[in-house]
Amino acid sequence: MRFVCELSWEYCVSGFALYQLKMNFLRYYPIAGLAFLVFWVWKKDLFQKFRIQKDFPKKERIIFELKQSAVTLIMFCVIAVSVYVLGKLKILHIKTYKDFTEYGLGYAIFSFVLLTIWHETWFYWAHRIMHHRKIYPYIHSVHHRSVNPSPMAAYNFHWVEAFIEGVYVVPALCILPLHFYVFLIHTFYAMIMNIWWHLGYEFFPKGWTTHPLLKWINTSTHHNLHHQKFHGNYSLYFNFWDKIMGTNFKDYSEIFENSVGAEKKEGISVIPSTYL
């Protein structure tokens, strides 16, 4: 489905905003909700051996995650509408294109890789900054109320953090020629990975974190530890920045190995929050 209009509030801006809002809500809640229903309700006993933390959070926490995710989705909509309007006004020069033959399939794949690397870099440093003692209590602490996160915590952000999380697309769209579907696939991929990392289950096999190649790809345990210990494991898709900056938790690999496929989970002990 495409949305086409000229720049006017009545026929374009409000319509585009409504379109974006619908797409955001219809994409996030069904997928995160399905993950929650399957792994946290319907088949939770079957998958219990894959749980990273043995216990489940209280219902009130999940309801908070559910509600706060709507704030993030609205902010993502605000960013999309702002980019669209500023592009129409020629204030931003958006370089998206619609014909694959313009740059070729090879470039389309390459641009997806570049966009993912850029997102990873933006996320790591923005995330780490939000853990600063003068910022954390006012913004990022909202997300960290979920010490034992559910899939619904994927977009559980303060509205300022939601803006910071989403605005990385603006320089990318202005600098990097991106096919519309490449950009769409990237945002979908980012959402899926975010839901996965907050799922609370570890399905990767033993040896993942020590394998010469696979160790560079993050795990659900990696981000779950971040929610428990707070000050480390800041990266998103890959373990590059955490490794070179020394911000991996030292016991990450050990905890991963001890938790993968265990028959009975004792859980990972929670370390009280402190600020960087």
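Residues numbered from 1 in each chain as written. Predicted model: local features only at pLDDT ≥ 70, side-chain atom pairs only at ≥ 80, totals over all residues. Heavy atoms only, no water.

Draft legend 1. Region of interest: the overall build of the protein. Helix and strand counts for the protein stand at 9 helices and 2 strands. Mapped from its N terminus to its C terminus, the protein presents α and β elements in the order α-α-β-α-α-α-β-α-α-α-α. Taking 19 Å as the expected radius of gyration for a compact globule of 276 residues, we find that the protein reaches 20 Å, a close match to that expectation. Seen along its three principal axes, the alpha-carbon backbone of the protein occupies a region of about 60 × 40 × 40 Å. Across the 276 residues of the protein, 49% fall into the buried class. Pairs at least 24 residues apart make up 74% of the contacts formed inside the protein by residues separated by at least 6 positions. For the protein, the accessible surface area stands at approximately 14,200 Å², while carbon and sulfur atoms represent 69% of it. Placing the 27 positive and 18 negative side-chain charges of the protein at their respective mean positions leaves the two points 3 Å apart. (Helix = DSSP H or I, 4+ residues; strand = E, 2+ residues; numbered from the N terminus. Rg over C-alpha atoms; globule rule 2.2 N^0.38 Å. Buried < 20%, exposed > 50% of the residue type's maximum accessible area, 1.4 Å probe, protein only. Contact = heavy atoms within 4.5 Å. Areas by Shrake-Rupley, 256 points an atom, 1.4 Å probe, with all protein chains shown as cover. Lys, Arg positive; Asp, Glu negative; His and termini not counted. Charge placed at Lys NZ, Arg CZ, Asp CG, Glu CD.)

Draft legend 2. Structural view of the UniProt feature "domain: Fatty acid hydroxylase" (unreviewed entry) in the protein. Residues given the UniProt feature "domain: Fatty acid hydroxylase" (unreviewed entry) here are residues 112-247. Counted over residues 112-247, helix gives 49% and strand 1%. Its end C-alpha atoms are 26 Å apart. (UniProt positions renumbered as here; feature names shortened; annotations may be inferred.)

Draft legend 3. View of the UniProt feature "transmembrane region" (unreviewed entry) in the protein. Those residues carrying the UniProt feature "transmembrane region" (unreviewed entry) are residues 25-42, 62-85, 105-125 and 178-199 in this numbering. A helix fraction of 100% and a strand fraction of 0% characterise residues 25-42, whose end C-alpha atoms lie 23 Å from each other.

Draft legend 4. Structural detail: the environment of Trp241. Checked against the element boundaries, Trp241 lands in helix H8 (residues 240-245). Taking the C-alpha atoms as reference, Trp241 lies 7.6 Å from Thr121; in sequence the two are 120 residues apart. Ignoring sequence-local partners within four residues, the contact set of Trp241 consists of Glu120, Thr121, Tyr124, Trp125 and Thr247. Among the polar contacts made by the side chain of Trp241, one reaches the side chain of Thr121 at a distance of 3.2 Å. (Polar contact = N/O pair within 3.5 Å; in protein donor to acceptor, adjacent residues only side chain to side chain.)

Draft legend 5. Looking closely at the packing of aromatic side chains. The full count for this structure, using the stated rule, is 35 aromatic pairs. Between Phe39 and Phe203 the ring centres are 5.6 Å apart and the planes differ by 50°, which places this aromatic pair in the tilted class. Placement of Phe39 in helix H1 (residues 9-42) and of Phe203 in the loop between helix H6 (180-197) and helix H7 (220-229) is noted, with a sequence separation of 164 residues between them. The exposure class assigned to Phe203 is partly exposed, which follows from its relative accessible area of 32%. (Phe/Tyr/Trp six-rings, centres within 6.5 Å; stacked < 30°, edge-to-face > 60°.)

Draft legend 6. Representation of the packing of helix H2 (residues 59-88) against helix H4 (residues 159-166). Direction vectors running N to C along H2 and H4 enclose 50°, while the axes themselves pass 9 Å from each other. By the criterion of interaxial angle, the relationship of H2 to H4 is oblique. Crossing of H2 over H4 shows right-handed handedness. In contact with Val71, Thr72, Met75, Phe76 and Ile79 of H2, H4 contributes Trp159, Ala162, Phe163, Glu165 and Gly166. (Axes fitted to C-alpha atoms, helices over the stretch in contact; angles between N-to-C directions. Parallel < 35°, antiparallel > 145°, perpendicular 65-115°, else oblique. Left-handed = near helix turned anticlockwise from the far one by under 90°.)

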